[in-house]
Amino acid sequence: MARSGKAAFIDRDGVINRDHGYVYQWQDFEFLPGAIEGMRRLQEHGCRIIVITNQSGIGRGFYDEAVFEALTDTMCQHLQEQGVRIDRVYFCPHHPEKALGDFRVACDCRKPAPGMLLRGIDEFDIDPGASLLIGDKPSDIEAGIRASIGHLYQVTEATPVAPATAVASLLDAADRFIGAS
Ligand SMILES: O=P(O)(O)OC[C@@H](O)[C@H]1O[C@@H](OP(=O)(O)O)[C@@H](O)[C@@H](O)[C@@H]1O
Ligand SMILES: [Mg+2]
Ligand SMILES: [Zn+2]
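Per-chain numbering applies: the sequence of each chain, read as written, is numbered from 1 onward. Chains carry letters from A onward and ligands carry numbers from 1 onward, assigned in written order. Note on the predicted model: pLDDT of at least 70 is required for a residue's local features to be given, and 80 or more for side-chain atom pairs to be given and counted; whole-chain, interface and lining totals, by contrast, use all residues.

Test applied: UniProt positions are given in the numbering used here, feature names are shortened, and annotations may be inferred rather than shown by experiment.
In the nomenclature of an unreviewed UniProt entry, the protein is known as D,D-heptose 1,7-bisphosphate phosphatase of Luminiphilus syltensis NOR5-1B. Heading Sequence similarities (unreviewed entry) of the UniProt record for the protein holds this comment: "Belongs to the gmhB family."

1. Notes on the site of ligand 1
The line we're drawing: Each residue receives a C-beta atom placed from its backbone. It is near a molecule or strand if this atom lies within 6 Å of it. Helix and strand definitions here come from DSSP, where helices need a minimum of 4 consecutive H or I residues and strands a minimum of 2 consecutive E residues; each element is numbered from the N-terminal end. Residues are sorted three ways: Asp, Glu, Lys and Arg are charged, Ala, Val, Leu, Ile, Met, Phe, Trp, Tyr, Cys and Pro are nonpolar, and all the rest, Gly among them, are polar.
If you check the shell around ligand 1, you find D11, R12, D13, G14, D19, G21, Y22, T53, N54, Q55, S56 and G57 and nothing else. Secondary-structure elements contributing two or more residues to the shell around ligand 1 are strand 2 (47-54) and helix 2 (56-59). In the shell around ligand 1, the residues fall into 1 nonpolar, 7 polar and 4 charged.

2. Quick word on the UniProt feature "binding site: Zn(2+)" (unreviewed entry) in the protein
Rules: Two residues qualify as being in contact provided that their C-beta atoms, derived from the backbone, are within 7 Å of each other.
UniProt's entry tags C92, H94, C107 and C109 with the feature "binding site: Zn(2+)" (unreviewed entry), counted in the numbering of this structure. These annotated residues cover 18 residues of sequence, but their C-alpha atoms sit close together, with the largest distance between any two at 8.6 Å. Among the structural elements, C107 can be located in the loop between strand 3 (88-92) and helix 4 (115-123). What C107 contacts, discounting residues up to four positions off in sequence, is C92, H94, A113 and G115. Mapped onto the fold, C109 is located in the loop between strand 3 and helix 4. When residues no more than four places from it in sequence are discounted, the contact partners of C109 are C92, H94, G115 and M116.

3. Comments concerning the UniProt feature "site: Contributes to substrate recognition" (unreviewed entry) in the protein
Where we set the bar: To sort residues by exposure, count the other C-beta atoms lying within 10 Å of each residue's C-beta; 20 or more gives buried, 12 or fewer gives exposed, and values between give partly exposed, all with C-beta atoms placed from the backbone.
With numbering aligned to this structure, UniProt lists the feature "site: Contributes to substrate recognition" (unreviewed entry) at R110. Assignment of secondary structure puts R110 in the loop between strand 3 and helix 4. For R110, a count of 23 C-beta atoms within 10 Å translates into the label buried.

4. Here's the deal with the environment of A130
Along the chain, A130 turns up in the loop between helix 4 and strand 4 (132-135). Separated by 12 residues in the primary sequence, A130 and E142 have C-alpha atoms spaced 17 Å apart.

Following this line, the structure appears as structure tokens:
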């Protein structure tokens, strides 16, 4: 049977919260303007909310998986209080050159590889063509292209990677997607 669900695949650092560089503590987690409202609108529109985040800070030894999970729990709790339910957070702890020990691998989940997106598509029976991705880096957009995501948005003031649309915020992306579908 054809896949039928719709998902918003959302990058974390630089889209949901300000990217201060390997954020792992709640005190450094600063929601970007429009991020929470954008997720609320996408959820109300019927999208699964799926976060896809490279976390090579784990592999580099800056913080461990338990610390990342604790921050994720706090973020999700905060969002829940604001009426946003995160369906899943996928993360990649690897890096092919900079990570330590077993984390130093050429995995299939570190963006621009599409592994985290493909997992979400499979686990939630998502139609990628009807879904959107919001990222800030070219590697996010590249992952979206490789997973055949139909609507790509890049939070950037520079020229976006084709065929992504440049947006000012998660909220801007949400409104454009909802307006177009
Ligand atoms: O934007 P997402 O995917 O949510 O997360 C990115 C972070 O894990 C960090 O990824 C690093 O890239 P490297 O992993 O070192 O190439 C840098 O870009 C950091 O500034 C950034 O905080
Ligand atoms: Mg990012
Ligand atoms: Zn990985």
